[in-house]
Amino acid sequence: MPEEGDMPAGGAVNAQHGTAGRGGAVWVLVITSVAGFMAALDNLVVTTALPSIRESLGGGLEELEWTVNAYTLTFAVLLMLGAALGDRFGRRRLFMAGLAVFTAASAAAALSPGIEELIVFRAVQGVGAAIMMPLTLTLIGAAVPAERRGAALGVFGAVTGVAVASGPLIGGALTEHISWQWIFWLNVPIGLVLLPLARLRLTESYAPKAPLDIRGTLLVSAGLFGIVYALVNTASHGWTDPVVLAGLIAGTALLGLFVRHGLRAANPMLPMRLFRSRAFLGINAASLLMFLGMFGSIFLLSQFLQNGLGHSPTEAGLRMLPWTGMPILVAPLAGYLSDRFGGRPVVATGLALQALGLALFALIVEPGVSYLAQLPALIIGGVGMAMYFAPAASLVLSSVRPGEQGIASGANNALREVGGALGVSILAAVFAARGGYGSPRLFADGTVPAVWIGAGAVALGALAALLIPGRRSARRSAPEPVDRGAAKPESASAPIAA
C-alpha cells in the first residue's frame, strides 16, 4: 500500500494497473454504471415477483417482507463501512469483491429451495451491494477529468434512475415469461463479464487513513434489525407479545447508543453534529419519510394489481410505469425549477404531490377498480417523485462543507434504505391487521389503511423539507466547521443510489 507521502492533493493514492488510466475513463463509466444498475434494480425488481415467489416457495406476509428488507437493511447499514473498507484496502479490489459477492448471491438466490434460503441470500446480496455501490462514484471521480465529471455523473444517475423505473416491469416480465428465478439469474452473466473488465480497466486507489467505525456499524445494524424484526412479527404475534416488545425496546436502546456514539466518537460513521444544520436535518428527514411511504406502498400496490385485480406480473409492471418511470421524463424540468427557485420548494412540492398520489390511490383501491381510475394517482405520484429526486442530491451536498460531502451523501443513501425497510415493515403490519391474502376484497381492505399511512408519512416528509433554509437564509444555516478528526471525502464516498 502506498505511503502517505505519495498521496496527491485530493487525499487518494492512485496506482496504475493494466490498461486503466485517463484513456479508460469511458470503460470506468460503463463498468460502474452497469454495476450500479444491477444494485439499484434489485431494490424494486422483486416487488412484482412476490406473488409468484409466494406460490412457488410458500411463506406468508412476514417472509415476503424479508425478501425485500433483507436486501435493503444490509445495504443500508453496511454502505458506509463498505466505502471505508474500499478507501483503506483499495477501491478497485473492494469493488470487485463486492461485485463477486453480489453475483454469487444472485445465483444462490435463484437456486433457493425455500423461502428461508432466499431471504438469507437476499441479505448476502445486500452485503455485496453495500461494498460495491459506495465505490462507483469514487472510481468515476478518479478516472474522469474534472471538466467532464458532471456529465459522467449525470450518465451514472440516469442509468440508476432507469433501473428504479424499470424494476417492476423487468421483474414482472421475467417472472411471467420465464420464471421468478430469472430476476436473480439476470445478474450472473452481467457480473461475470464485469469482473474481468474491472480487473483490466479500473485503476486502483486508496485513502490509507480512512477510519473504520466497526462499533457504530454493529450498533446501528443490531438496532435496526431489532425494530424491523419486531414490526414484521406483529402480524403473527401481536404488539404485546414478549418477542415483539423485546425487539422494539432493544432496537430502540441500541439506536440510542448509536446516536450517543455519533456524538462522542472521533470518527463515527454518522457524525451527529451534521444534524445541527437545518438543511442536513431537513433533507434527510424528508428522504427517510419519502422512502418509508413510497417503498411500503409499492410493496403492497404491486401485489394488489395481481392479487386484487388479477393482472399478470408483466401487466402489473407496465401499469406502474406512470409512477416509477415518470422521473425520467420530469427530472429535467424539475432540475430547471430547482436552479430557478431553489431546491426547497421543489422538494416540498414534489413530496406533497407524492402524498396526494398515494391518498388518491387509497380512495380508489377496491376489487375491480379500472386502470383509468388509477392513472391520476400514478401520474401525480410519479411527478412528485421526480420533483423530489432531481434536487435532493444537490441539497444533501450543499447542506455540509466540501470536506464532509462524501459522508453526507453516504448518510443520505443509508437513511433512504432504512426508510424503505421501515416502510415495508410498518405498512405490512397495518395491512395484516386489517386484511390478508384470502380474497381480493380482503387484500383491498388491508391495502387501503396501509397506503393512507404511506401518504401520511410522505406528507410529513414535505413538512420536514420546509426545514431546509431558502436561498436567502442558506448562509445563516451553514454547518459548523469540520472537526480535525472528521472523515475526508474519500473516506465516506457514496453514490446517490436510487
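Caption draft 1: Here's a closer look at the overall build of the protein chain. Summing up its helical and strand segments, the protein chain has 19 helices and two strands in all. Taken across its 498 residues, the protein chain has 58% of its residues classed as buried. When contacts within the protein chain are restricted to residue pairs at least 6 apart in sequence, those whose partners lie at least 24 apart make up 85%. With the model as given, the accessible surface of the protein chain reaches about 19000 Å², and the carbon-plus-sulfur share is 66%.

Caption draft 2: Examining the pattern of salt bridges more closely. Enumeration over the complete set of coordinates arrives at three salt bridges. For Asp445, the salt bridge is made with Arg441, and the minimal N-O distance between the two is 3.3 Å. Pair noted here: Asp445 and Arg441 are both in helix 19 (residues 440-465), with a separation of four residues, about one helical turn.

Caption draft 3: Just the environment of Tyr336, in detail. Within the secondary structure, Tyr336 sits in helix 15 (residues 326-341). Along the primary structure Tyr336 and Pro391 are separated by 55 residues, whereas in three dimensions their C-alpha atoms are 9.5 Å apart.

Caption draft 4: Here's a closer look at helix 9 (residues 187-201). Between its terminal C-alpha atoms helix 9 stretches 20 Å, which fits the 21 Å expected from 15 residues at 1.5 Å a residue. For helix 9, the set of buried residues is Asn187, Val188, Gly191, Leu194, Leu195 and Ala198.

Caption draft 5: How the structure looks around the nonpolar core. Core analysis: the largest hydrophobic core is formed by 132 residues, its most contacted members being Phe95, Phe299, Trp323 and Leu351. The element contributing the most residues to this core is helix 12 (residues 278-308), with 15 residues.

Caption draft 6: Looking closely at the packing of aromatic side chains. Scanning the model with the defined rule gives 11 aromatic pairs in all. Geometrically, the ring pair formed by Phe431 and Tyr437 is edge-to-face, given 5.8 Å between the ring centres and 70 degrees between the ring planes. In this structure, Arg54 is placed above the aromatic ring of Tyr437, and the distance from its NZ or CZ to the ring centre is 4.1 Å. Note that Arg319 overlies the ring of Tyr371, its terminal NZ or CZ placed 5.4 Å from the centroid.

Caption draft 7: How the structure looks around helix 11 (residues 242-264). The end-to-end C-alpha separation of helix 11 is 33 Å, in line with the 33 Å expected for 23 residues at 1.5 Å each. Turning to helix 11, its buried residues are Val244, Gly247, Gly251, Phe258, His261 and Gly262. Put simply, Asp241 is the residue that caps the front of helix 11, since its side-chain oxygen is 2.9 Å from the backbone nitrogen of Val243.

Caption draft 8: Main features of a nonpolar patch on the surface. Nonpolar side chains collect at one region of the surface, where Val26, Trp27 and Val30 lie side by side and expose about 270 Å² of accessible area between them. When you line up the elements, Val26 lands in helix 1 (residues 25-44). Owing to a relative accessible area of 60%, Val26 belongs among the exposed residues under this scheme.

Caption draft 9: How the structure looks around the packing of helix 15 against helix 16 (residues 343-364). Where helix 15 meets helix 16, the axes come as close as 7 Å, and the angle between the chain directions of the two elements is 135 degrees. One finds that helix 15 runs oblique with respect to helix 16. Mapping the contact onto sequence places Ala334, Leu337, Ser338 and Phe341 in helix 15 and Gly343, Pro345 and Val346 in helix 16.

Analysis parameters
Residues numbered from 1 in each chain as written. Predicted model: local features only at pLDDT ≥ 70, side-chain atom pairs only at ≥ 80, totals over all residues. Heavy atoms only, no water. Helix = DSSP H or I, 4+ residues; strand = E, 2+ residues; numbered from the N terminus. Buried < 20%, exposed > 50% of the residue type's maximum accessible area, 1.4 Å probe, protein only. Contact = heavy atoms within 4.5 Å. Areas by Shrake-Rupley, 256 points an atom, 1.4 Å probe, with all protein chains shown as cover. Salt bridge = Lys/Arg side-chain N within 4 Å of Asp/Glu carboxyl O. Expected span 1.5 Å × (residues − 1). Core = buried A, V, L, I, M, F, W, Y, C linked by side-chain atoms within 4.5 Å. Phe/Tyr/Trp six-rings, centres within 6.5 Å; stacked < 30°, edge-to-face > 60°. Lys NZ or Arg CZ within 6 Å of the ring centre and 35° of its normal. Polar contact = N/O pair within 3.5 Å; in protein donor to acceptor, adjacent residues only side chain to side chain. Patch = residues over 30% accessible without salt bridge, like charges linked within 9 Å, V, L, I, M, F, W, Y side chains within 5 Å. Axes fitted to C-alpha atoms, helices over the stretch in contact; angles between N-to-C directions. Parallel < 35°, antiparallel > 145°, perpendicular 65-115°, else oblique.

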